[in-house]
Amino acid sequence: MKKKLSILLVLALVLFAHISVVSAAQFKDEYKLSVVVGPGFPWGAGAEKFVELVEDRTAGKVKIKPYFGGKLFAGKQTNEFAMLQQGQIDMAISSTINWSSQVKELNVFSLPFMYQGYDEIDAIYNGKTGAYILNLLEEKGVKAFGWGENGFREITNSKRPITSPDDLKGLRVRVVGTPIFFDTYNALGARPISMPWGSAINGFKQGVVDGQENPLLGVEIPVEIWNYHSYITLWHYLFDPLVIGINKEVWDSFDSKTQEIIEKSAEEALEYEQMLARMGLDDGTALNYLKENNEEKLFSFEDPIKFIESKGMNVSILSSEQYQAFKDKTQPVRDKWRKIIGEELYQILLEDLEKK
Ligand code: X2X
């Protein structure tokens, strides 16, 4: 009897120890969230919103720490996805451009002169293309949620207005070190220069490059690009979406209730971020959303284009003939990259675009 009791006691102790280990191991002390930019950008504000929502809704059990300014990948933004896959980074809110060296299908958004308006972008997000991309990321070991955005990327420079490919001749343009950007700028006769975001502002300051390309609300207004460049062309030459990605092992370590909370929080944070990145650039939806939700803290624009003009920028908007000249010059780039992203995805994309 005594022996039985002590065996039971030992069993109970083992079980108890096991349960406490499991529950202690269920959450890490801190989940590392990688962010390329800082909190003063829509992208960074989206990161903060995600952190806040998850912490609130899990009563502080899931603590996410944002590492702004690319701290986790020591300046090399094209390494972020590999680190996320391997678990050196738990989570990231990132631009698909930074991951496209590893996931070639993500170049679908960087096909030059392919998309012109938010109706097309929304058709992609809500259509088969968006689902295809999110599934693919999961297959590669990163559970992903869409869609926030950095925005349409627009070129700025310190030399002259750009309204034709000739204006780009010989211009040194800073780009993220991703191959499709080299192909595009080479096709346009410019000189693309790869520079990580962490050293880009210094590069603009010192005139190491003549120009750069980034979204207006996503990056150019937050960094006050007019301090370096006086000319901007709103050519919408490619699109830059943001996703929240979570290392698959980390994701699988959460119970289903926590997963539900994280998914909902990611989607809400990305929606908020998307509205910040479109404020004053869409049909008014974004500004209304932010006003209704009392979320105009970061900045508030009725008209961001008027705003940059008031800062002394010379703004070029292309006529359809001018746009077509850029589109024609970059036809070989689209032909080449259509093959790289794969015909299956390309056809899905065309179907989505037809539905806009
Ligand atoms: O490096 C850039 O240009 C940025 C901040 O837009 C990205 O991370 C893609």
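An unreviewed UniProt entry annotates the chain as Tripartite ATP-independent transporter solute receptor, DctP family originating from Orenia metallireducens. Listed under Sequence similarities (unreviewed entry) in UniProt, the entry text for the chain is "Belongs to the bacterial solute-binding protein 7 family."

Caption draft 1: Up close: the pattern of salt bridges. Across all of its chains, the model carries 22 salt bridges by this definition. Glutamate 295 is the salt-bridge partner of lysine 49, the closest N and O atoms lying 2.5 Å from each other. Highlighted residues: lysine 49 in helix H2 (residues 42–57) and glutamate 295 in the loop between helix H12 (285–292) and helix H13 (304–310), separated in sequence by 246 residues. By the burial criterion, lysine 49 is buried, and glutamate 295 matches it. Between glutamate 120 and lysine 356 there is a salt bridge whose closest N-O contact spans 3.9 Å. Note that glutamate 120 is positioned in helix H5 (residues 118–126) and lysine 356 in the segment after helix H16 (343–354), a separation of 236 residues in sequence. Of the residues examined, glutamate 120 reaches a relative accessible area of 12% and is grouped as buried. Taking relative accessible area as the criterion, lysine 356 reaches 53% and is therefore assigned exposed. Beyond isolated ion pairs, a larger network of salt bridges with shared partners links Glu138, Lys143, Lys248 and Asp252.

Caption draft 2: Inspection of the site of the ligand at higher detail. Surrounding the ligand, one finds Val36, Val37, Trp43, Gln77, Ser95, Asn98, Asn150, Arg153, Arg174, Val176, Trp197 and Asn214. At 3.2 Å, a side-chain N or O of asparagine 150 approaches an oxygen atom of the ligand. With respect to the ligand, the side chain of arginine 174 contributes an N or O atom lying 2.7 Å from an oxygen atom. Here the ligand loses 100% of its free accessible area of 270 Å² to cover by the protein chains. In terms of residue class, the shell around the ligand is built from 5 nonpolar, 5 polar and 2 charged.

Caption draft 3: Expanded view of the packing of aromatic side chains. Here the structure, examined in full by the defined rule, presents 19 aromatic pairs. On the basis of an interplanar angle of 10 degrees and a centroid distance of 5.1 Å, the ring pair of tyrosine 125 and tryptophan 147 is categorised as stacked. Here the residue tyrosine 125 occupies a position in helix H5, and tryptophan 147 occupies one in strand S4 (residues 142–157), the gap between them amounting to 22 residues. By relative accessible area, tyrosine 125 is classed as buried at 8%. Feature note: the residues Phe109, Tyr118, Tyr125, Trp147, Phe152 and Phe239 constitute an aromatic cluster, connected by ring pairs. We note lysine 49 situated over the ring of tyrosine 272; from NZ or CZ to the ring centre the distance is 4.7 Å.

Caption draft 4: Structural view of the packing of helix H11 (residues 256–278) against H12. Between H11 and H12, the least distance of the axes is 8 Å, while the angle of their chain directions is 125 degrees. The angle between H11 and H12 falls in the class oblique. The crossing of H11 and H12 is left-handed. Here Glu271, Tyr272, Met275, Leu276 and Arg278 of H11 lie close against H12, whose contacting residues are Thr285, Ala286, Tyr289 and Leu290. Counted by class, the contact of H11 with H12 contains 6 nonpolar, 1 polar and 2 charged residues.

Caption draft 5: Broad picture of the packing of helix H14 (residues 320–329) against helix H15 (residues 331–341). Two numbers describe how H14 lies on H15: the axes approach to 4 Å, and their chain directions differ by 50 degrees. Here H14 is positioned oblique relative to H15, judged by the angle of their axes. Each of Lys327, Asp328 and Lys329 in H14 lies in contact with H15, whose residues at this interface are Gln331, Pro332 and Arg334. Here the contact of H14 with H15 is composed, by residue class, of 1 nonpolar, 1 polar and 4 charged.

Caption draft 6: Structural context of the nonpolar core. Of all hydrophobic cores here, the largest spans 112 residues; its most connected members are Phe50, Leu111, Tyr115, Leu168 and Trp235. By residue number, the principal contributor to this core is H11, which donates 7 residues. Not counting residues within four places of it along the chain, the set of residues in contact with tyrosine 115 comprises Val108, Phe109, Glu120, Ile121, Ile124, Phe152, His236, Phe239, Tyr323, Leu349 and Leu353.

Caption draft 7: Layout of the pairing of strand S7 (residues 211–215). With respect to burial, S7 is a largely interior element, 5 of its 5 residues being buried. A two-sided burial pattern is seen for S7, the buried positions comprising Gly211, Glu213 and Pro215 on one face and Gln212 and Asn214 on the other. By the bridge criterion, 5 bridges tie S4 to S7 in an arrangement that is antiparallel. Its bridge partner being in S7, threonine 156 is matched across the sheet by glutamine 212.

Caption draft 8: Highlighting helix H7 (residues 179–187). Within H7, burial applies to Ile180, Phe181, Thr184 and Tyr185. Taken down its axis, H7 places every buried residue within 125 degrees of arc, on the same side. On the buried face of H7, the contacting elements are helix H4 (96–99), S4, strand S5 (172–175), strand S6 (191–194), S7 and H15. Looking one or two residues past H7, glycine 189 carries a phi angle of roughly 85 degrees, positive in sign.

Quick notes on the rules
Residues numbered from 1 in each chain as written. Predicted model: local features only at pLDDT ≥ 70, side-chain atom pairs only at ≥ 80, totals over all residues. Heavy atoms only, no water. UniProt positions renumbered as here; feature names shortened; annotations may be inferred. Salt bridge = Lys/Arg side-chain N within 4 Å of Asp/Glu carboxyl O. Helix = DSSP H or I, 4+ residues; strand = E, 2+ residues; numbered from the N terminus. Buried < 20%, exposed > 50% of the residue type's maximum accessible area, 1.4 Å probe, protein only. Near = heavy atom within 4 Å. Polar contact = N/O pair within 3.5 Å; in protein donor to acceptor, adjacent residues only side chain to side chain. Areas by Shrake-Rupley, 256 points an atom, 1.4 Å probe, with all protein chains shown as cover. Nonpolar A, V, L, I, M, F, W, Y, C, P; charged D, E, K, R; others polar. Phe/Tyr/Trp six-rings, centres within 6.5 Å; stacked < 30°, edge-to-face > 60°. Lys NZ or Arg CZ within 6 Å of the ring centre and 35° of its normal. Axes fitted to C-alpha atoms, helices over the stretch in contact; angles between N-to-C directions. Parallel < 35°, antiparallel > 145°, perpendicular 65-115°, else oblique. Left-handed = near helix turned anticlockwise from the far one by under 90°. Contact = heavy atoms within 4.5 Å. Core = buried A, V, L, I, M, F, W, Y, C linked by side-chain atoms within 4.5 Å. Pairing = 2+ DSSP bridges. Arc of directions from axis to C-beta.

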